[in-house]
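This is what each chain is made of:
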Amino acid sequence: MGFFTAAMQGRKDDAELGRGLWRRAHDRFHRGLDRYHQVLEGVEDEQLYAELVEVANQLADLSGRVRRVCVEAQRRSPSDGLDIPHALSGVHRALSKAGNSLAATAEAAAMLRLAVGPVPVGAASVRRRAETVFEQVADAERLLAASS
């Protein structure tokens, strides 16, 4: 991403996500996604790589959903600080858990990348952790819908 493109995206993010709580939740998720993709770069086993890429694609598909939740949460409870609005505390909790679980998924992928020899169960541990991310994003969406 070029300098001007990044600056324009930053302005758009500021307008849609604010500079507080919801922006931080959104950015945390994206950092985890970036971390996961960085881990993929060092995977040498082709079968394992294919499994991890499949999970990466599914996680990347969540990105738009996380953004929509954060944009809507910012619209309902604008945040420029770190105070969690009571009405949307469950949404924030689910988004925070999703970001943390995504980081744990990237860590599980990194551990597989460092494994010596063939991995007998493939990316099963990564898929299990990714399932948690999917559930937590769905929880955030459900809680946001229930709070309206």
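Just so you know, these numbers come straight off a predicted model, no measurement behind them.

## A short note on the overall build of the protein
(1) Moving on: Helices and strands together make up the secondary structure of the protein, namely 5 helices and 0 strands.
(2) Moving on: Traced from its N-terminal end to its C-terminal end, the protein shows the element sequence α-α-α-α-α.
(3) Moving on: Counting across all 148 residues of the protein, residues that qualify as buried make up 42%.
(4) Moving on: A sequence separation of at least 24 residues applies to 80% of the contacts in the protein between residues at least 6 apart.
(5) Moving on: Accessible surface, the protein as shown: approximately 8,600 Å² in total, 52% of it carbon and sulfur.

## Side note on the pattern of salt bridges
(1) Moving on: Counting across every chain of the model gives 7 salt bridges.
(2) Moving on: The closest approach of N and O atoms between Arg65 and Glu141, which form a salt bridge, is 2.7 Å. Here the residue Arg65 occupies a position in helix H3 (residues 46-76), and Glu141 occupies one in helix H5 (residues 124-146), the gap between them amounting to 76 residues.
(3) Moving on: Its relative accessible area of 26% is what places Glu141 among the partly exposed residues.
(4) Moving on: Arg142 serves as the salt-bridge partner of Asp139, at 3.5 Å between the closest nitrogen and oxygen. Placement of the pair is Asp139 and Arg142 together in helix H5, with a separation of 3 residues, close to one helical turn.
(5) Moving on: Of the residues examined, Asp139 reaches a relative accessible area of 32% and is grouped as partly exposed.

## Observations concerning the nonpolar core
(1) Moving on: Residues Tyr36, Leu52, Leu59, Leu95 and Val126 are the most contacted members of the largest nonpolar core, which totals 39 residues.
(2) Moving on: Put simply, the parts of the chain that give this core at least two residues each are helix H2 (21-40), H3, helix H4 (89-113) and H5.
(3) Moving on: With sequence-adjacent residues up to four places away left out, Leu52 is seen in contact with Tyr36, Leu40, Val43, Ala109, Leu112, Ala123 and Val126.

## What about the environment of Leu88?
(1) Moving on: Residue placement: Leu88 occurs in the loop between H3 and H4.
(2) Moving on: For Leu88, a relative accessible area of 2% puts it in the buried group.
(3) Moving on: Taking the C-alpha atoms as reference, Leu88 lies 9.4 Å from Ala140; in sequence the two are 52 residues apart.
(4) Moving on: Setting aside residues no more than four positions away along its own chain, Leu88 makes contact with Trp22, Ala73, Arg76, Ser77, Leu144 and Ser147.

Criteria and cut-off values
- Residues numbered from 1 in each chain as written.
- Predicted model: local features only at pLDDT ≥ 70, side-chain atom pairs only at ≥ 80, totals over all residues.
- Heavy atoms only, no water.
- Helix = DSSP H or I, 4+ residues; strand = E, 2+ residues; numbered from the N terminus.
- Buried < 20%, exposed > 50% of the residue type's maximum accessible area, 1.4 Å probe, protein only.
- Contact = heavy atoms within 4.5 Å.
- Areas by Shrake-Rupley, 256 points an atom, 1.4 Å probe, with all protein chains shown as cover.
- Salt bridge = Lys/Arg side-chain N within 4 Å of Asp/Glu carboxyl O.
- Core = buried A, V, L, I, M, F, W, Y, C linked by side-chain atoms within 4.5 Å.

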